[in-house]
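Listed here are the chains, written in short residue letters.
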Amino acid sequence: MFPALALSMQQLQPAASLPLLSCLRRAYSTSGAAAATNWFSHVEMAPRDPILGVTEKFLADKNPDKINLGVGAYRDDNGQPVVLESVREAERRVAGSHFMEYLPIGGLRDFVSESVKLAYGDDSPVVAAGQVAAVQSLSGTGSCRLFAEFQRRFMPHSSVYIPVPTWSNHHNIWRDAGVAQNGYRYYKPETRGLDFEGLMEDIKNAPNGSVFLLHACAHNPTGVDPTPEQWQAMSKLMLDKSHFAFFDMAYQGFATGDCTRDAAAIRIFIDDGHRVGLSQSYAKNMGLYGQRVGCFSLVCDSAAEAAKVESQMKLIARPMYSNPPLHGALLVSKILHDADLKQQWYQEVGVMAARIKDMRGLLRHNLQQLGSPHNWQHITDQIGMFCYTGMSGEMVDTLAAAHSIYMTRNGRISMAGVNTKNVARLAEAMHAVTKEAKM
Amino acid sequence: MNQDAVASNRLAILSRHLCAEQQGSVWAGVPQAPPDGILGITEAFKADGDSRKLNLGVGAYRTEEGQPLVLSAVRQAEQRLVADGSRNKEYQPMGGDATFCQLSRRLAFGAECPASAAGRIATVQTLSGTGALRVGAEFLKKHYAVKVVYLPDPTWANHGNIFGNAAGLELRKYRYFDSQTRGLDYQGLLSDLGAAPEGAVVVLHACAHNPTGVDPTPEQWQGILRVVQQRRLLPFFDSAYQGFASGDLDKDAAALRMFTSAGLELLLAQSYAKNMGLYGERVGAISVVSHCADAAKRVHSQLCAVVRPMYSSPPIHGAAIVVKVLSDPQLFGLWRQELAGMSRRIQAMRTALKQALIEVRCPGNWDHITAQIGMFSYTGLTKAQCQNMTNKWHVYMTMDGRISMAGLSGARARYMAEAIKDSVLSC
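Residues numbered from 1 in each chain as written. Chains lettered and ligands numbered in written order. Predicted model: local features only at pLDDT ≥ 70, side-chain atom pairs only at ≥ 80, totals over all residues. Heavy atoms only, no water.

For clarity, the threshold we go by: UniProt positions are given in the numbering used here, feature names are shortened, and annotations may be inferred rather than shown by experiment.
Chain B is annotated in an unreviewed UniProt entry as Aspartate aminotransferase from Tetradesmus obliquus. UniProt lists a comment for chain B under the heading Cofactor (unreviewed entry), and it reads "pyridoxal 5'-phosphate". Per its UniProt entry, chain B bears the Catalytic activity (unreviewed entry) comment "L-aspartate + 2-oxoglutarate = oxaloacetate + L-glutamate".

You'll find chain A entered in an unreviewed UniProt entry as Aspartate aminotransferase, with Tetradesmus obliquus given as the organism. UniProt lists a comment for chain A under the heading Subunit (unreviewed entry), and it reads "Homodimer."

Written as structure tokens, this is what we have:
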């Protein structure tokens, strides 16, 4: 049976059959018995994730001065990962004090109610009226996935409008949930800012009742956010069109350093009467990346409706992971509940946001000092963890190959990876690859 | 803002709200979902004010005093982690911590597993057993030609949700529980699997079958292996109780290792919820044993591709605890002892309940209580009898007659026996 299989493989793909033949031999000799099936031989290598794949390449580079500007995880001025002091203290208090019982499907109730207040505001009428259906989720990815699955079930035949560009994983999430995607104009390469006219036109042209994915603040990957006035206009137009607004908020506190200000867009929409959906993540603003803590919420018409919606959210979660992980939620809950810890956390978020802002200024300054012919104003205009430099894929490749500087191929750099020790070298390298080019 | 501005602002907000009310939320048609068949039981139990109440619903271990238990090995591991200032909270790779995956493979497949040594096993950290099953199911849906999954009848209720509703595969049953003998319907099983289409996926409980507690004997496992080989079926082992069933980690992995030694390709969902008591931390792993190492690498990448749009990467805390316990000889030894202790207590509860049933002269044959193994017992009580157990006696259990032995204590065995007797006689 196997020789025949190998022969036909050879006819189709001569190169591919050779590893198959050798692994057949190995399988016979090492398993002690014939492996009678070969069900996964056709499985292809998955393409490298465009973001996580960057870190893999970085790790493989032997250059001691290499710089990782790939994934959006905060680094201090020494390029080291940071665990916030407020988090360490919360962990000291939490560890050892709890059983490890299953959480309810919807997660830690305390955590959920504090998260909802953080996002919508302590005084939000929709929160007070119990209109917000919410469950603990697996960080931002998990929240978006729960929503995408919810959308497929309860808004069947709807598609999602996603900004161009967006976080690459958004495409994977809605695809795997089985929801069709459209793009709406967002980033304008000519200005390296918002294509507001294009955006409003696309909102207007979308059929009434369309679902729009909006980045609440610190747009990823561009760092380009609408102004409050632009948010107001978007909200009004979307209301006229009866569009559904789903906010992805992964950087509350990180954009301006102020949690309230960073949630302004959501509150504008709520005030205007929108019933929004929201994905919240604590990965960046509390540095809880690997704990996978987030919250998925939907604003409903009434508490009764919210109860039904929440019950359906749980139906989606149960066959995915049964109930969410405990530890991270305990940490967040501890911090948000304790006035001192919360205050300390606010300060620490402010420090992170400030350092990033400083690095933006330094990078731009250095490029100007080097005599770059290009306008780098967007570096300081853009906000949040990322900067859309405007560099091409080829420039990015050269930066990796010749300078050991790693970023995603769309020219996005994580400002968190920039520090006072490497900013000069980064500016020099960027200058070297861009000075001759049109940008 | 001055008073007038505040007032007109309020008016503007109110009028917008009113307009929005007329617009209506898009979720108006969303129906109430039924409470979860298993997890909903605990909610009902918590709401019950009666002091005699007993929670024999969800399979979470309880001490003789009815308390949850965090194993000492786990507590110590956690303390060391938290005290270690050099640790951070960075993202794991999509597939989770590599050491965790390697140790999990070793625990399940054994230290001397040729398939593992040959690099034929792709392992990815998951959100406990549920997560492992779901990632495996999604992987099969995308990359496996045969979209049919056989589940034992009965099986854990969430299996149907995971494979059926969520992954969208076609579900079929194979006979498993014999309600006459309250044991294995071995001939029925062989017959049903013998008629399965080539390549069909077969979910097998590695040990301590949930909900029945009925496991095949080693000889019966041989027979199951033969029919799986003959029909070229793809086994998908669900191992949620390794170490819990017999108290011995290796013994409880015997069936899985038998199949792997025979050279089969197979999948394994592993959970640390029960055997390490890490329930809420959601720690598990999915392993896929492939024909060769090259296929295993590609399979690994595709498992990660399933994970990325689901939750990006798995949670760190529970996995770090597992790594500490499995890699530290002192903690590992302590864990094995505690595991054996939990298993012994459950076996003692089986004995105590059967004894009590005999003492109260409950009608019927209750041998199955001690013949069955693991956390659960399929009592054989009907739905009406189960409802009586809950409504009259405040004993919380699932309506299929399943009780979690872990929730019973020696002191309550008599009460439980009385409740069963009353239910059997009156319903």
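## A look at the interface of chain A and chain B
The cut-off we apply is this: Note on contacts: a residue pair qualifies if any of its non-hydrogen atoms lie within 4.5 Å across the two residues. Buried surface area refers to the total accessible area, computed with a probe of radius 1.4 Å, that the two partners give up upon joining, counted for both partners together. By definition here, a salt bridge exists when the distance from a side-chain nitrogen of Lys or Arg to a carboxyl oxygen of Asp or Glu is within 4 Å. We count a stretch as a helix when DSSP gives it H or I for four or more residues in a row; a strand needs E for two or more, and each element gets its number in order from the N terminus.
Of the residues lining the interface, 96 residues belong to chain A; the matching set on chain B comes to 95 residues. Where chain A abuts chain B, roughly 8,300 Å² becomes buried across the two surfaces, and 58% of that area is made up of carbon and sulfur atoms. A per-residue breakdown of the area chain A buries against chain B is headed by Phe40(A), Met100(A) and Tyr102(A), which together make up 11% of the total. Across the chain A-chain B interface, the total number found is 6 salt bridges. Across the salt bridge formed by Arg308(B) and Asp49(A), the nearest N and O atoms sit 2.8 Å from each other. Broken down by secondary-structure element, the contributors of at least two residues to the side of chain A that touches chain B are helix 2 (14-31), helix 4 (85-94), helix 7 (139-154), helix 8 (168-176), helix 12 (264-271), strand 10 (294-299), helix 13 (303-321) and helix 14 (326-337) of chain A.

## Side note on the environment of Thr256(A)
All names here are of chain A. Note the cut-off: Polar contacts here mean pairs of N or O atoms no more than 3.5 Å apart (in protein, one a potential hydrogen donor and the other a potential acceptor; neighbouring residues in sequence count only if both atoms are side-chain atoms).
Mapped onto the secondary structure, Thr256 falls in the loop between strand 8 (244-249) and helix 11 (259-262). Sequence spacing of Thr256 and Lys357 is 101 residues, and the spatial spacing of their C-alpha atoms is 8.9 Å. Ignoring anything within four residues of it in the chain, the contact list for Thr256 reads Arg261, Asp262, Ala353 and Ile383. Reaching out from Thr256, the side chain makes a polar contact with the backbone nitrogen of Asp258 at a distance of 3.1 Å. Separated by 2.8 Å, the side chains of Thr256 and Asp262 make a polar contact.

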